[in-house]
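Chain by chain, the residues:
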Amino acid sequence: MFTIFHYSFIIRGLFAGLLIGAIAPLIGIFLVLRRYSLIADTLSHVSLAGVAIGLLLKINPLLTALGASALSSIAIERLRASKKIYGETALSIFLSGSLALAIVLIGLAHGFNVDLFSYLFGSIVTVRTADIYIITILSVVIAACLIAFYKELVYISFDEEAARVSGLPVKLFNTIFILLAAAAIAISIPIIGILLISALLVVPIITALQLKQSFIGTLLWAEVISLLSIFTGIIASFYLNVSSGGLIVLIMLAIFGVVLLVKGWPSTSPSL
């Protein structure tokens, strides 16, 4: 059993995976409370275009995915705040547009290859040493920002209008949050895969909500579910020789199913 830890790619994958597993619920709980779950899907498709650009230009795909999702997140937030179009419409535009761009870029790169397949569905083999540095730095930045702005983000998530009336710079905090979400989505790509990122951000939170805990209690349970699923999924993916992303999500969904059977139907939001 412990011979698995003799492989350097397993150590890198576990280290990156556990970092991502710790960060994902911190972002996910605010996405769920704000009814922003669809934005994870949108930014993951934007990241696919970024990955395609990286593979085409032979640049680290994690960096190009980060750049693409960050720029798109700002544009989405600007469109949403302007109220010229509905938020869901803005997401739809970016989702379909980025997917179309990715398809064209993949065609220019002469189709799918092993690297792109790994980025789509997640694979611990794709995690390089350079990726570890990027994931670690961004994880620290995301955690630090969320801790620093915790009270403001909670206030805005529960009542954005009241926060605006009280004098909080809501627009600024929304922009900061959307950039943090974009960064979290980008760094999750190597482990969970572009097509499954939204599940990583949302499912542990939805599962923890069934336990009807306080805000902090919900977050702590989501952390446990996320970290347990990622650790188990990565280890199992090695022995079963399948993508890590698929197994991680299946484990999360299995935990959700068990909790749902024990506790009943979904709750809507945690209490403070």
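A brief structural summary. Keep in mind that what you see is a predicted model, and the values were worked out from it rather than measured.

### Observations concerning the overall build of the protein
In step 1: Check the secondary structure of the protein and you find twelve helices and zero strands.
In step 2: The order of helices and strands in the protein, counted from the N terminus, is α-α-α-α-α-α-α-α-α-α-α-α.
In step 3: For the protein, the C-alpha atoms occupy an extent of roughly 55 × 45 × 30 Å along the three principal directions.
In step 4: Taken over 272 residues, the protein has a buried fraction of 49%.

### Quick look at the packing of helix 7 (residues 150-158) against helix 9 (residues 170-192)
In step 1: Relative orientation of the contacting elements helix 7 and helix 9 amounts to 105°, with a least axis distance of 11 Å. With respect to helix 9, the axis of helix 7 lies roughly perpendicular. In this structure, helix 7 contributes Glu152, Leu153 and Ile156 to the contact, and helix 9 contributes Val170, Phe173, Asn174 and Phe177.
In step 2: Partitioning the contact of helix 7 with helix 9 into residue classes produces five nonpolar, one polar and one charged.

### Remarks on the environment of Glu88
In step 1: Checked against the element boundaries, Glu88 lands in helix 4 (residues 87-108).
In step 2: Taking the C-alpha atoms as reference points, Glu88 and Pro25, 63 residues apart in sequence, are found 23 Å from one another.

### Points about helix 2 (residues 37-57)
In step 1: Its 21 residues give helix 2 an end-to-end C-alpha distance of 31 Å, which sits within 8% of 30 Å, the value for a rise of 1.5 Å per residue.
In step 2: Just downstream of helix 2 lies Lys58, where phi reads positive at about 60°.

### Some remarks on helix 1 (residues 8-33)
In step 1: Its 26 residues place the ends of helix 1 38 Å apart at the C-alpha level, agreeing with the 38 Å of an ideal helix rising 1.5 Å per residue.
In step 2: Count one or two residues on from helix 1 and you reach Arg35, which has phi positive near 60°.

Conventions adopted
Residues numbered from 1 in each chain as written. Predicted model: local features only at pLDDT ≥ 70, side-chain atom pairs only at ≥ 80, totals over all residues. Heavy atoms only, no water. Helix = DSSP H or I, 4+ residues; strand = E, 2+ residues; numbered from the N terminus. Buried < 20%, exposed > 50% of the residue type's maximum accessible area, 1.4 Å probe, protein only. Axes fitted to C-alpha atoms, helices over the stretch in contact; angles between N-to-C directions. Parallel < 35°, antiparallel > 145°, perpendicular 65-115°, else oblique. Contact = heavy atoms within 4.5 Å. Nonpolar A, V, L, I, M, F, W, Y, C, P; charged D, E, K, R; others polar. Expected span 1.5 Å × (residues − 1).

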